[in-house]
Amino acid sequence: MNKIEFNKNAITINGTDIIFENNIYQIEEDNNKIYVLLDIPPKEKLLYNDVHNIYCYSKKGDKLWQIGNRDRSDDAVYTMIRIADSELYANDFLGRRYKIDKDSGEIEDMVVVK
């Protein structure tokens, strides 16, 4: 049985502790993967990990990927993740929704949410 616990900036997956620089905002599970969205506080200058704030782990606690680059190089952090119709989606601060490849973390498609 898989056991997942999280508190502030730490998640424990089947006894494996993973510590992040920022607090965890949201977790979604799907099949054998755990998706983690970090809460990025407002900053004057955002770093790479700030704008790539979605991670994927196996149910054994192995890091599988960190979200890939967007076509546009901007500094909008992701604010929400969700799984719908077996697909992984993420929204960013600018109201764009991205479809994410669940195996690689690469962006497959982007639409502007109205």
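A quick note: this is a predicted structure, and the numbers were derived from the prediction, not measured.

**Q** Could you clarify how one ought to interpret the sheet that holds strand E10 (residues 96–100) in this entry?
**A** Strand pairing in a sheet relies on backbone hydrogen bonds. The paired strands run either parallel or antiparallel. Spatially, the four strands line up as an open sheet ordered E8-E9-E10-E11, and their pairing is antiparallel. Across the chains shown, the open sheet's two edge strands, defined by having one partner strand only, are strand E8 (78–84) and strand E11 (107–112). Neighbour-to-neighbour, the strand axes of the sheet open up by a mean angle of 25 degrees, direction not taken into account. As paired strands, strand E9 (residues 87–92) and E10 are joined by four bridges and run antiparallel to one another. The residue bridging Leu-88 from the neighbouring strand is Ile-100, located in E10.

**Q** Which parts of the structure should I look at to understand the nonpolar core?
**A** Nonpolar side chains tend to gather and get buried jointly when the protein is soluble and globular. Among the nonpolar cores identified, the biggest contains 14 residues, and Ile-11, Phe-20, Val-36, Leu-38 and Tyr-57 are the most heavily contacted of them. Secondary-structure elements contributing two or more residues to this core are strand E2 (10–13), strand E5 (33–38) and strand E6 (54–58). Looking at which element gives the most residues to this core, the answer is E5, with three residues. With residues up to four places along the chain from it excluded, the contact list for Phe-20 reads Asn-9, Ile-11, Val-36, Leu-38, Tyr-55 and Tyr-57. Tyr-35, Leu-37, Ile-54 and Tyr-78 belong to the second largest nonpolar core, which has 12 residues in total.

**Q** How do you make sense of the sheet that holds strand E3 (residues 16–19) when you look at a structure like this?
**A** Taken together, the three strands give an open sheet; going across it, the order is E1-E2-E3, and neighbouring strands pair in antiparallel fashion. With partners counted over all chains shown, the strands left at the sheet margins are strand E1 (4–7) and E3, one partner each. Looking at each pair of strands side by side, their axes are set apart by 15 degrees on average, direction ignored. Bridge count for E2 against E3 is four bridges, and the pairing is antiparallel. Each bridged residue has a counterpart across the sheet, and for Ile-11 the counterpart in E3 is Ile-18.

Cut-off values and rules
Residues numbered from 1 in each chain as written. Predicted model: local features only at pLDDT ≥ 70, side-chain atom pairs only at ≥ 80, totals over all residues. Heavy atoms only, no water. Pairing = 2+ DSSP bridges. Helix = DSSP H or I, 4+ residues; strand = E, 2+ residues; numbered from the N terminus. Axes fitted to C-alpha atoms, helices over the stretch in contact; angles between N-to-C directions. Core = buried A, V, L, I, M, F, W, Y, C linked by side-chain atoms within 4.5 Å. Buried < 20%, exposed > 50% of the residue type's maximum accessible area, 1.4 Å probe, protein only. Contact = heavy atoms within 4.5 Å.

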